[in-house]
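# Structural description and commentary
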Amino acid sequence: MNEELSDTTKRAAPVTLRTLLKMVRGGEKFACLTCYDATTARWLQEAGMHMLLVGDTAGEVILGFPNTIHTPLEFLIALTAGVKRGAPATLVMADMPFMSYQADDAQAIRNAGRFLTEGLADLVKLEVDRSFAPLVAKMSRAGIPVVAHIGSRPQHAKMHGGYYAAGKSAVTAIELLDDARAMAEAGATLLLVEAAPAEVTAQIVRESTLPVIGCGAGSACHGQVVVLQDLLGMSAWQPAFALPTVQIGRQIADAAQHWMNLVASGNLGEHSYVMNNSERAAFQVALAARAAAAAEPNRS
Ligand code: KIV
């Protein structure tokens, strides 16, 4: 099945947080894509992807929910472990889903720990503003590398009547800068800015001591992330900053139609499960005996 994939150990060196920081210092941009399964992870590692995000968008993409607040914790931990098993030499960031970190700090730290141990994640991502600084500080004190996701926070969509952009007014732009600074001071490892004006993100990048990943936040960021299915042309709708580069959705439909035609025609190719001649002869004898027994039902 995976003959075309090279051995995962062939990658020169695993991408670690240290690798990423070195890239940022050297002015090299890093790329990240969402990923929810081991097979896709292997191919993305084969491509040399620096980082994978097991996003809570899995709730939409994999489970078909209308938004990310339904994504279950256990499900996301299991997917994260699958992705890391598929791409052991790639940096894996796991999203903490809705209600896995908001209600109680102690529970949040335990859940984050589960992503690192059971989920094999390298980092956890939380959708935050500066009010989460104490939690981020506690997590970082516990040795949990936190990606502080600021700007548009899809887990807040209900508060806004849908997905929204952040930092579009002078007031909210300054608030975003304050969020970024508070997260750095609290000990976050990386920042992720979603759906914000490019000049606001550029200012965050200028002021921040942390690497900044953008998702629809402009090109000033050190790294960029988009949802893989958007890039592959599999989504019903995709944002303008993540337009498809291929049409895999169409290819899946074409392949499915081809399979349906093969099934209808009975043309399934070579059949590899064969009986040898002596078993075939014995089978014929057994069939004849069975037919004879059926013809004489009262004989004991
Ligand atoms: O869950 C997700 O996919 C995200 C994005 C940043 C794309 O959080």
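Values in this document were obtained by computation on a predicted structure and should not be read as measured data.

## What to know about the sheet that holds strand 3 (residues 91–95)
An order of 1-2-3-4-5-6-7-8 is seen for the eight strands of this closed barrel, with the pairing classed as parallel. Looking at each pair of strands side by side, their axes are set apart by 25° on average, direction ignored. This element, helix 1 (residues 17–25), spans strand 1 (30–34), strand 2 (51–54), strand 3, strand 4 (123–127) and strand 6 (190–194) of the sheet and lies at about 130° to strand 1.

## Here's the deal with the environment of Glu127
Within the fold, Glu127 resides in strand 4. Discounting residues that sit within four places of it in the chain, Glu127 has contacts with Asp56, Tyr101, Phe132, His149, Arg153, Pro154, Gln155 and His156. Separated by 2.8 Å, the side chain of Glu127 and the backbone nitrogen of Gln155 make a polar contact.

## Observations concerning the site of the ligand
Around the ligand, the neighbouring residues are Thr34, Leu53, Gly55, Asp56, Thr57, Asp95, Lys125, His149, Glu194, Cys215 and Val227. Contact distances for the ligand include 2.9 Å between an oxygen atom and a side-chain N or O atom of Asp56. Taken by itself the ligand offers 250 Å² of open surface, and the protein chains cover 96% of this. Taken atom by atom, the bulk of the ligand overlaps the largest pocket. Residue composition of the shell around the ligand, grouped by class: three nonpolar, four polar and four charged.

## Details of unusual backbone geometry
Although it is not a glycine, Leu120 sits at a positive phi angle of roughly 60°. Mapped onto the elements, Leu120 comes out in the loop between helix 5 (105–117) and strand 4. Among the residues examined, Leu120 registers a relative accessible area of 35% and is labelled partly exposed. Here Ala195, not a glycine, exhibits a phi torsion of approximately 45°, which is positive. In this fold, Ala195 is placed in the loop between strand 6 and helix 9 (198–207).

Basis of the calculations
- Residues numbered from 1 in each chain as written.
- Predicted model: local features only at pLDDT ≥ 70, side-chain atom pairs only at ≥ 80, totals over all residues.
- Heavy atoms only, no water.
- Pairing = 2+ DSSP bridges.
- Helix = DSSP H or I, 4+ residues; strand = E, 2+ residues; numbered from the N terminus.
- Axes fitted to C-alpha atoms, helices over the stretch in contact; angles between N-to-C directions.
- Contact = heavy atoms within 4.5 Å.
- Polar contact = N/O pair within 3.5 Å; in protein donor to acceptor, adjacent residues only side chain to side chain.
- Near = heavy atom within 4 Å.
- Areas by Shrake-Rupley, 256 points an atom, 1.4 Å probe, with all protein chains shown as cover.
- 1 Å grid on protein atoms, 1.4 Å probe; cavity = no way out; pocket = protein on both sides within 12 Å on 5 of 7 lines; lining within 4 Å.
- Sits in = over half its atoms within 2 Å of the grid points.
- Nonpolar A, V, L, I, M, F, W, Y, C, P; charged D, E, K, R; others polar.
- Buried < 20%, exposed > 50% of the residue type's maximum accessible area, 1.4 Å probe, protein only.

It is worth stressing that arrangement in space is one thing and function is another; only the former is reported here.
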